[in-house]
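One letter stands for each residue in the lines below.
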Amino acid sequence: MSASNTSPDPKKPFYSRFSRRQLLLGTAAIGITGTAASLFFSPDSMAKSIGQSEKPLAIPPLLTGRMEGATRVFDLDIQDGQTEFFPGLQTKTRGINGSFLGPVLSLNKGENTRFNVTSAINENTTLHWHGFNLPAKSDGGPHQIIEPGATWSPEFEIREGASTLWYHSHQMHKTAEQVWSGIAGMAIVNDEESQALGLPNNYGVDDIPIALQDRRIRQNGDMSYNANPHDINMGMMGDIPMANGTVGAVFDVTTNLVRLRLLNGANASIYTLGFIDGRTFKIIASDGGLLEKPVEAQLVQIAPGERAEIIVDMSDKTNTMLASFTQRNTGGNNSGGLAIQFPFLQLHPTDELQSSNPVPATLASIAAPDVSKAVNTRRFVFGVRGMMMGGFTINGKQMDINVINETVPVNTTEIWEFVNESRMAHPFHIHNTQFRIIDRNGRPPRPEEAGLKDTVLVGAADTVRLLIRFDEYSDAERPYMYHCHILEHEDAGMMGQFTVV
Ligand SMILES: [Cu+2]
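Residues numbered from 1 in each chain as written. Predicted model: local features only at pLDDT ≥ 70, side-chain atom pairs only at ≥ 80, totals over all residues. Heavy atoms only, no water.

### Description of the sheet that holds strand β22 (residues 320-327)
Thinking step 1. Taken together, six strands build an open sheet; the order of strands is β1-β15-β23-β22-β17-β20 and the sheet is mixed. Each edge of the open sheet carries a strand with a single partner, namely β1 (55-56) and β20 (300-302). (Pairing = 2+ DSSP bridges. Helix = DSSP H or I, 4+ residues; strand = E, 2+ residues; numbered from the N terminus.)

### A short note on the coordination of the copper ion
Thinking step 1. In the first shell of the copper ion, the protein supplies H426 (ND1), C484 (SG) and H489 (ND1), at 2.0 Å from the metal.
Thinking step 2. The motif formed by the donor residues of the copper ion, counted along the single chain, is H-x57-C-x4-H. Taken together, the residues span a long stretch of sequence, with H426 in strand β28 (residues 426-430) and H489 in helix α6 (residues 487-492) at a distance of 63 residues.
Thinking step 3. A relative accessible area of 0% means that H426 is categorised as buried.
Thinking step 4. The class for H489 is buried, based on a relative accessible area of 0%. (Donors = N, O, S within 2.8 Å, 3.2 Å for Na, K, Ca; no water. Buried < 20%, exposed > 50% of the residue type's maximum accessible area, 1.4 Å probe, protein only.)

### Focus on the pattern of salt bridges
Thinking step 1. Within the structure shown, the criterion is met by 32 salt bridges.
Thinking step 2. Across the pair R307 and D287 runs a salt bridge, and its minimum N-O distance is 3.9 Å. Residue R307 is located in strand β21 (residues 307-313), and its partner D287 is located in the loop between β18 (281-286) and β19 (289-297); the two are separated by 20 residues in the primary sequence. Summarising the burial analysis for this pair, R307 and D287 share the class buried.
Thinking step 3. A salt bridge links E417 to R379, with the nearest nitrogen and oxygen atoms 3.2 Å apart. Here E417, found in strand β27 (residues 413-420), pairs with R379, found in strand β24 (residues 377-384); they are 38 residues apart in sequence, far enough to count as distant.
Thinking step 4. When its relative accessible area of 19% is taken as the criterion, E417 is described as buried.
Thinking step 5. One continuous salt-bridge network, built from bridges that share partners, spans R66, E68, D75, R114 and E155. (Salt bridge = Lys/Arg side-chain N within 4 Å of Asp/Glu carboxyl O.)

### Some thoughts on the sheet that holds strand β16 (residues 257-264)
Thinking step 1. Read across the sheet, six strands follow the order β14-β13-β16-β21-β18-β19 without closing on themselves; strand pairing throughout is mixed. Edge strands, defined here as strands with exactly one partner in the open sheet, are β14 (240-243) and β19. With strand direction ignored, the average angle separating the axes of adjacent strands in the sheet is 25°.
Thinking step 2. Where β18 meets β21, three bridges bridge the pair, whose relative direction is antiparallel. Bridged to K282 within β21 is I311. (Axes fitted to C-alpha atoms, helices over the stretch in contact; angles between N-to-C directions.)

Structure, rendered in structure tokens:
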């Protein structure tokens, strides 16, 4: 399922299970979608209560930091907390400057930036800057451990253009558990070129960060991370959807156009996102920034780690809901269309909507990837070691923190080829760069994947080729990571290390 190659007839709502009229019933319809999920993992899952209450979508604070000379400085505190996902029910969580997840960091291209990251939790952690080109010592991978009570202060120039990036724990063998508990947040990079486009950029009004996740919460409020061997093999999936940590989220729309910065912050679930009335939207950005042109779509797929920015037109003043969808199983044929996997976020337009600028037909200048510039090809074959649970391998090996798997020259263009022989899809992330997808199984990428990317879904039996380059920073001692962003796979060893020299 993707925006471009399986989009149904745009004149007909692709999602037939609930009519628009049912949607207008509000909570009643949400209740139905809750019970439609066949995902209950435990008899005492709080998933039964989805739809019984609605809450305004949490909008994380937008942090702009403070200036120390020419350096923008942010203070980030990793801490334990309690979060009320369901009314009256307290859940133990972790967050950054709060009880669950973190603030949205407002960063500016070209600005030197420092983060003072202090950890108050009782175990080692790290904070990785996902999507950034940065010195290896500042990357926040498994080598940059923050011990309990310690402060880590990475500093680097923001080299990315306007984009939606993020940050999260990358602690060796503990990434899945720590991200599950809430150690993750989003970042917005601003630049001058994008300001001139007139895209919605009034934070919290028509420019909304949305971290999408799923979790398991028991009726006693317990959300602790308990991955069994099946979870480690398939990745840890929950039965409770949340947007910015809000279950049953509602956002009151006050403008004709709304920009949603969608992050798949789940441990393992791949989300195929759209609106339950089948309305189209415009995809304007991939992981690393604006696309060349908006892509009109009814669905957009993002795997763990990936982002997509979309603009949705609400000028019809009709309630709708952002959800993820799965193919409905109707006894062996696919004619059943789509079923809701997760109801994430209701959009409720107010009576009067502010006008919005039209979305420009051209957003950025992005040249086609020039394969002739590549001086080297590296091949990475994904496999499985024996019948072991979660024993996924890269070139037959699992992560060894004492082994540098690849040494890559700085400022040099290469082709990286991923060959998936593991019989399962893996969203693959490479630190310290934004790459381009050359092709997948010999075919060009979908238009919404044709821009800058730092994570790519490599489906079972797929071969994906990337044009990749690591600019500016070299360090013969400290490695960066490449790894599967199904966090259970990463923790189980589906990760490798490379230095840039
Ligand atoms: Cu994987």
